Amino acid sequence: MRTSLLLTSLLLAASAQAAPGQSGDDMDKFLADKGLLNKIEHVRQSVGHKASELVVTAMGFLGVPYRRGGNSAETGVDCSGFVKAIYEQTVGLVLPRRAEQQAAATQNIDKNELQPGDLVFFNTMKRAFSHVGIYVGDGKFIHAPKPGAEVRVESMGVAYWARRFDGARRVQNQPSGSTAGE
């Protein structure tokens with residue numbers, strides 16, 4: 001994520017300029033003098049705001065019926081169509097259409113690094129990355145589960161999902177109109 005890279009760069013630049021043995025107070029003063037504290041806070045708020053927006057938009061789809069190949073609240077959604085629609089509507093990113101393509105176009109992260117807005121993948125059809133949802137926090141995700149069901153929030157700790165968990169991914173921040181994985 002570009003914002004993560006910016007934040008890391010700012011912190012590295014600050015620590016590279018700091019004298020060995022500087023206390024935390026001295027570091028805070030140094031960062032403030034360089035105007036970096038405000039930049040770091042802005043990046044943190046921006047990342048948090050986008051994740052919140054994604055989750056709020058996703059929650060707006062609760063109750064939308066599952067429809068194979070669907071990608072809108074009006075006509076119904078399948079799992080990858082749901083994820084694609086949420087990212088397009090919220091942050092203007094165009095993700096690939098299929099779950100396994102979405103996995104290939106995103107950055108692998110550890111399960112313990114999950115943040116709201118990240119993607120979670122499951123093996124539900126005896127093949128890797130056959131199902132996708134959006135992590136909402138607190139061990140839960142929102143997804144379009146199967147024909148006859150509606151978009152809903154479920155716990156990743158439920159035995160069915162825990163056994164089938166296939167990985168966590170983070171969508172990279174790209175300019176509006178670009179396609180992830182190009």
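Residues numbered from 1 in each chain as written. Predicted model: local features only at pLDDT ≥ 70, side-chain atom pairs only at ≥ 80, totals over all residues. Heavy atoms only, no water.

K.L.:
Hey, could you run me through the layout of surface pockets in this one?
P.N.:
The gaps of empty space that remain are located by a probe, the size of a water molecule, rolled over the atoms. By volume, the largest pocket is sized at about 540 Å³. In terms of lining, the largest pocket is formed by 23 residues, of which the most central are Tyr66, Arg68, Cys79, Met125 and Ser130. When contributions to the lining of the largest pocket are tallied by element, the ones reaching two or more residues are helix H4 (79-91), helix H5 (99-104), strand S7 (152-155) and helix H6 (159-164). Here the lining of the largest pocket is built from residues that sort into nine nonpolar, five polar and nine charged. (1 Å grid on protein atoms, 1.4 Å probe; cavity = no way out; pocket = protein on both sides within 12 Å on 5 of 7 lines; lining within 4 Å. Points joined across faces, edges and corners; volume = space filled by probe spheres on them. Helix = DSSP H or I, 4+ residues; strand = E, 2+ residues; numbered from the N terminus. Nonpolar A, V, L, I, M, F, W, Y, C, P; charged D, E, K, R; others polar.)

K.L.:
Teacher, can you tell me more about the pattern of salt bridges here?
P.N.:
One side chain can pair with another of opposite charge once the charged atoms of both are near each other. Inspection of the entire model under this criterion finds five salt bridges. A salt bridge links arginine 97 to aspartate 78; its shortest N-O distance comes to 3.0 Å. Of this pair, arginine 97 sits in the loop between H4 and H5 while aspartate 78 is found in the loop between strand S2 (76-77) and H4, placing the two residues 19 residues apart along the sequence. A residue is classified by how much of its surface remains accessible, and arginine 97, at 23% relative accessible area, is partly exposed. Residues glutamate 100 and arginine 98 are paired through a salt bridge, measuring 2.4 Å at the closest nitrogen-oxygen approach. For arginine 98, a relative accessible area of 42% puts it in the partly exposed group. (Salt bridge = Lys/Arg side-chain N within 4 Å of Asp/Glu carboxyl O. Buried < 20%, exposed > 50% of the residue type's maximum accessible area, 1.4 Å probe, protein only.)

K.L.:
Explanation requested: the sheet that holds strand S3 (residues 107-109) in the structure shown.
P.N.:
Strands in a sheet are paired, the pairing made by backbone hydrogen bonds, and the direction either parallel or antiparallel. The strand order S3-S8-S4-S5-S6-S7 describes an open sheet built from six strands, whose pairing is antiparallel. Where the open sheet ends on each side, the last strands, each with one partner, are S3 and S7. The sheet shows a mean angle of 40 degrees between the axes of neighbouring strands, direction not considered. Taken strand by strand, H4 contacts strand S4 (119-122), strand S5 (131-137) and strand S6 (140-143), and its axis lies near 50 degrees from that of S5. (Pairing = 2+ DSSP bridges. Axes fitted to C-alpha atoms, helices over the stretch in contact; angles between N-to-C directions. Contact = heavy atoms within 4.5 Å.)

K.L.:
Would you explain the pairing of S4 in this entry?
P.N.:
Within a regular strand, the side chains alternate between the two sheet faces. The alternating pattern of S4 places Leu119 and Phe121 on one face and Val120 and Phe122 on the opposite face, and all of these are buried. Pairing between S4 and S5: four bridges, direction antiparallel. Residue phenylalanine 121 lies in a different strand from S5, and its bridge partner there is valine 132. Two strands pair when backbone bridges link them, and S4 and strand S8 (residues 165-170) are joined in this way by four bridges, in the antiparallel orientation. Pairing of valine 120 across the sheet is with alanine 168, part of S8.

K.L.:
I keep staring at the nonpolar core and nothing clicks. Help me out?
P.N.:
Here is a general trend for soluble globular proteins: nonpolar side chains tend to be buried in one another's company. The biggest cluster of nonpolar side chains holds 28 residues, and the ones touching the most others in it are Phe61, Phe82, Val83, Tyr87, Leu119, Ile134 and Val151. Taken together, the elements giving at least two residues each to this core come down to helix H3 (36-59), H4, H5, S4 and S5. At seven residues, H4 tops the list of elements feeding residues into this core. Ignoring sequence-local partners within four residues, the contact set of phenylalanine 82 consists of Ala58, Phe61, Val77, Ile134, Ile142, His143, Ala144 and Val151. Membership of the second largest hydrophobic core comes to nine residues, among which are Val120, Met156, Trp161 and Ala168. (Core = buried A, V, L, I, M, F, W, Y, C linked by side-chain atoms within 4.5 Å.)

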